[in-house]
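Residue strings, one per chain:
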Protein chains: 2
Amino acid sequence: MPGPQSSPGKAGQIMRYGFPGLTDLKSREGYVVSYDRRNRNPHWVFEHLTSAHVRGDSDRQQCDFKEDETIHPYFRATNWDFKRSGYDRGHLAAAANHRHSQTAMGDTFYLSNISPQVGEGFNRDAWNRLEMYVRGLTKQFNNVYICTGPLYLPRKEVDGKMYVKYEVIGRNHVAVPTHFFKVIACETNKGELILESYVMPNAKIDNNLPLKNFLVPVESIERASGLLLFDRIPRNAFKAINGRQP
Amino acid sequence: MPGPQSSPGKAGQIMRYGFPGLTDLKSREGYVVSYDRRNRNPHWVFEHLTSAHVRGDSDRQQCDFKEDETIHPYFRATNWDFKRSGYDRGHLAAAANHRHSQTAMGDTFYLSNISPQVGEGFNRDAWNRLEMYVRGLTKQFNNVYICTGPLYLPRKEVDGKMYVKYEVIGRNHVAVPTHFFKVIACETNKGELILESYVMPNAKIDNNLPLKNFLVPVESIERASGLLLFDRIPRNAFKAINGRQP
Ligand SMILES: [Mg+2]
Ligand SMILES: [Mg+2]
């Protein structure tokens, strides 16, 4: 029963008047970001750090948070969206990771690298401690690769069902992630690799909690985020994952 | 202050150990789908219909809902996820749009073309009426292009803030969209184009409500979905949008 368009491979015809969207990918000096146009947040941000990246005299006082004009206005977060929201403009690629270059540091201030984060107790505290820890890894390891992103995790409610719930702020409905993840692959000069994967709630966190309390299986981040992380490296090729032999 | 990796264009180095994800695109006989790995739902499904597509003796009794094995198991919806969830497995590309070919109809039963939909009053009623209306358009128009997708719309809560909230079902946390959209571009034999854009809540809908009550500006769908729809056609090139001259 052949129809006029019944053969496979008609994608060109079906899509004739435009593609609704593909994940927005942006390559900056110090990081690569995939932008989530629906949530007006990064999907993920990837960095490669060495001890030379995190050293330098770049000055964050010279940086301003700025709209990413490569993003269509419908999907672009603005500084106005954050005003009086109660949330910090939290970097996913941290500014201080890119002290070696004023341009690279400035690039981290694009709002496409920013998520709304709880300020006190999170962005300025526990999450910042995790970022400092990552920079410290560049002293021990030749190469440090980091993937950072937001999560929107479900919770069981009193009706026994699971729900995802998150606030959206500003006129552009910028999503406030419930959690953030950081997955870190570190390479020694012998090419040995270790992996660590962290999830923290976007909430005030007790500053006495050690970072290792936030280690989670990387698979749980992959399932929740819809992303495959460091999938070019077989898991059993890592010398350690979250401190243990895989 | 040059660092060893400070020049732009280092994406290949930064991304050395794998790309976390790009929007999954699948081209089937009758439709193209972009899959949302985080929500285990389609992002959007595109169809091109003519009167010849919707005619035929293909039999949906011969079709079974099936996992899409091209999707990584972490992100794949399964029939089990829908069991006892209370939701129908709702087609985004409707099965009956592809009566001309048993293969094309069968392809609409991949769970990557399916979202959890309220059954009575929605999937089996109002949404079905919208689908029948779309098939009817192929009698009037030479070519009908349809983009269908889920929405996760925010609502204001009693605290005055806006929240997105949706259920997730099954072991794989398949998201239950709050709404669905359908944007339809119809082409006459003179090449004239009209556009209609609908949003319906994923809820029991009064069957007496006419379809035109669900017309919304296409821009509102674009903003909420993060998608640009029919963007290869300038809006003022349409003879009518939602029944009015643009
Ligand atoms: Mg910060
Ligand atoms: Mg249906």
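Residues numbered from 1 in each chain as written. Chains lettered and ligands numbered in written order. Predicted model: local features only at pLDDT ≥ 70, side-chain atom pairs only at ≥ 80, totals over all residues. Heavy atoms only, no water.

As named in an unreviewed UniProt entry, chain A is Endonuclease, taken from Branchiostoma floridae. A UniProt comment under Subcellular location (unreviewed entry) is attached to chain A, and it reads "Mitochondrion". In the Cofactor (unreviewed entry) part of its UniProt record, chain A is described as follows: "Mg(2+)". (UniProt positions renumbered as here; feature names shortened; annotations may be inferred.)

Draft legend 1. Looking closely at the overall build of chain A. If you tally the helices and strands in chain A, you get 6 helices and 12 strands. Computed over its C-alpha atoms, the radius of gyration of chain A comes to 20 Å, within 12% of the 18 Å expected for a compact globule of 246 residues. Across its three principal directions, the C-alpha atoms of chain A cover 65 × 45 × 45 Å. Considering chain A as a whole, with its 246 residues, one finds that 60% of them fall into the buried category. Contacts in chain A between residues at least 24 apart in sequence constitute 67% of all its contacts with a sequence separation of at least 6. For chain A, the distance from the average position of its 33 positive side-chain charges to the average position of its 26 negative side-chain charges is 3 Å. (Helix = DSSP H or I, 4+ residues; strand = E, 2+ residues; numbered from the N terminus. Rg over C-alpha atoms; globule rule 2.2 N^0.38 Å. Buried < 20%, exposed > 50% of the residue type's maximum accessible area, 1.4 Å probe, protein only. Contact = heavy atoms within 4.5 Å. Lys, Arg positive; Asp, Glu negative; His and termini not counted. Charge placed at Lys NZ, Arg CZ, Asp CG, Glu CD.)

Draft legend 2. Spotlight on the pattern of salt bridges. Scanning all chains against the criterion turns up 20 salt bridges over all chains. One salt bridge connects A:Asp36 with B:Arg38, and the closest N-O pair in it is separated by 2.9 Å. On the criterion of chain membership, the pair formed by A:Asp36 in strand 2 (residues 31–36) and B:Arg38 in the loop between strand 2 (31–36) and strand 3 (41–49) is interchain, its members lying in two chains. Note that B:Lys239 is salt-bridged to B:Glu192, the shortest N-O span being 3.7 Å. You can see B:Lys239 sitting in the loop between helix 6 (218–225) and strand 12 (240–241) and its partner B:Glu192 sitting in the loop between strand 10 (179–187) and strand 11 (193–201), a full 47 residues away along the chain. One network of salt bridges, with partners in common, ties together A:Glu219, A:Glu222 and A:Arg235. (Salt bridge = Lys/Arg side-chain N within 4 Å of Asp/Glu carboxyl O.)

Draft legend 3. Inspection of the UniProt feature "domain: ENPP1-3/EXOG-like endonuclease/phosphodiesterase" (unreviewed entry) in chain A at higher detail. Per the UniProt record, "domain: ENPP1-3/EXOG-like endonuclease/phosphodiesterase" (unreviewed entry) is annotated on residues 28–236 of chain A. Between the C-alpha atoms that bound residues 28–236 of chain A there is a distance of 31 Å. The span itself is 21% helix and 30% strand.

Draft legend 4. The arrangement of the UniProt feature "active site" (unreviewed entry) in chain A in detail. All names here are of chain A. UniProt tags His91 as "active site" (unreviewed entry). Tracing the sequence through the fold places histidine 91 in strand 4 (residues 88–91). Non-local contacts of histidine 91, meaning those with residues more than four positions away in its chain, are made with Arg60, Phe65, Thr108, Phe109, Asn113, Ile114, Gln117, Trp127 and Glu131.

Draft legend 5. Representation of the packing of aromatic side chains within the structure. Residues and elements named next belong to chain A. Under the definition given, this model contains 18 aromatic pairs over all chains. One aromatic cluster is present, formed by Trp44, Phe46 and Phe230 through successive ring pairs. Looking at lysine 66, its charged tip hangs above the ring of tyrosine 110, at a distance of 4.5 Å from the centre. (Phe/Tyr/Trp six-rings, centres within 6.5 Å; stacked < 30°, edge-to-face > 60°. Lys NZ or Arg CZ within 6 Å of the ring centre and 35° of its normal.)

Draft legend 6. Region of interest: the nonpolar core. All names here are of chain A. Judged by nonpolar contacts, the single largest core of 46 residues is most densely connected at Phe82, Phe122, Val144, Ile184, Cys186 and Met200. For this core, the secondary structure elements donating two or more residues are strand 2, strand 3 (41–49), helix 5 (119–140), strand 6 (143–151), strand 10 (179–187) and strand 11 (193–201). Here this core gets 6 residues from one element, more than from any other, and that element is helix 5. Other than its neighbours up to four places away in sequence, phenylalanine 82 contacts Ala77, Tyr87, Asp88, Arg89, Leu111, Ile114, Ser115, Pro116, Ile169 and Val174. (Core = buried A, V, L, I, M, F, W, Y, C linked by side-chain atoms within 4.5 Å.)

Draft legend 7. Looking closely at the confidence of the model for chain A. All names here are of chain A. A residue-level look at chain A finds 92% of positions with pLDDT of 70 or above and a mean pLDDT of 92. Residue range residues 1–8 is modelled with pLDDT below 50. Its contacts to residues more than four positions away, or to other chains, number 17 contacts. Our summary of model confidence lists the complex with pTM equal to 0.93 and ipTM equal to 0.92. (pLDDT = per-residue confidence, 0-100.)

Draft legend 8. Region of the structure containing the pairing of strand 11 of chain B. Residues and elements named next belong to chain B. Across the 9 residues of strand 11, 8 count as buried, placing the element largely inside the fold. Alignment of strand 10 against strand 11, held across 9 bridges, turns out to be antiparallel. When the bridges of strand 11 are listed, isoleucine 184 appears paired with glutamate 196. In this structure, the hairpin formed by strand 10 and strand 11 is closed by a connection of 5 residues, where glycine 191 is found at a positive phi of approximately 80 degrees. (Pairing = 2+ DSSP bridges.)

Draft legend 9. Spotlight on helix 5 of chain A. Residue and element names in this part refer to chain A. Taking 1.5 Å of rise per residue, the 22 residues of helix 5 would be expected to cover 32 Å, and the 30 Å separating its terminal C-alpha atoms lies within 8% of that figure. Asparagine 128 marks where helix 5 bends most, by close to 45 degrees. Turning to helix 5, its buried residues are Gly119, Gly121, Phe122, Asn123, Ala126, Trp127, Leu130, Glu131, Val134, Arg135, Leu137 and Thr138. (Expected span 1.5 Å × (residues − 1). Bend = angle between axes of the 7 residues up to and from the residue.)

Draft legend 10. Unusual backbone geometry, seen in detail. Positive phi values are uncommon outside glycine, yet A:His173 reaches one of about 50 degrees. Examined against the element boundaries, A:His173 turns out to sit in the loop between strand 8 (162–169) and strand 9 (174–175). Its identity is not glycine, yet B:Arg40 carries a phi of approximately 50 degrees, on the positive side. Structurally, the position occupied by B:Arg40 is in the loop between strand 2 and strand 3.

Draft legend 11. The sheet that holds strand 12 (residues 240–241) of chain A, seen in detail. All names here are of chain A. Strand order across the open sheet formed by 7 strands is 1-2-3-6-10-11-12, with mixed pairing between neighbours. Among the strands making up the open sheet, the edge pair consists of strand 1 (24–27) and strand 12. Where strand 6 meets strand 10, 9 bridges bridge the pair, whose relative direction is antiparallel. Considered in strand 10, the bridge of glycine 149 is made with phenylalanine 181.

Draft legend 12. Main features of the pairing of strand 5 (residues 114–117) of chain A. Residues and elements named next belong to chain A. The alternating pattern of strand 5 places Ile114 and Pro116 on one face and Ser115 and Gln117 on the opposite face, and all of these are buried. Bridge analysis of strand 4 against strand 5 gives 4 bridges, and the strand direction is antiparallel. Note that in strand 5 the partner of histidine 91 across the bridge is isoleucine 114.

Draft legend 13. Up close: the side chain of A:Arg28. All names here are of chain A. As for its position among the elements, arginine 28 is in the loop between strand 1 and strand 2. Since its relative accessible area comes to 11%, arginine 28 is described here as buried. The contacts of arginine 28, once residues within four sequence positions are left out, are Asp68, Thr70, Asp107, Tyr110 and Ser112.

Draft legend 14. The sheet that holds strand 2 of chain B, seen in detail. Residue and element names in this part refer to chain B. With mixed pairing, the 7 strands of this open sheet are ordered in space as 1-2-3-6-10-11-12. Across the chains shown, the open sheet's two edge strands, defined by having one partner strand only, are strand 1 (24–27) and strand 12. Strand contacts of helix 5 (residues 119–140): strand 3, strand 6 (143–151), strand 10 and strand 11, with the helix running at about 10 degrees to strand 10, the strand carrying the most contacts. Running over the sheet, helix 6 touches strand 6, strand 10 and strand 11 and is turned about 55 degrees from strand 11. (Axes fitted to C-alpha atoms, helices over the stretch in contact; angles between N-to-C directions.)

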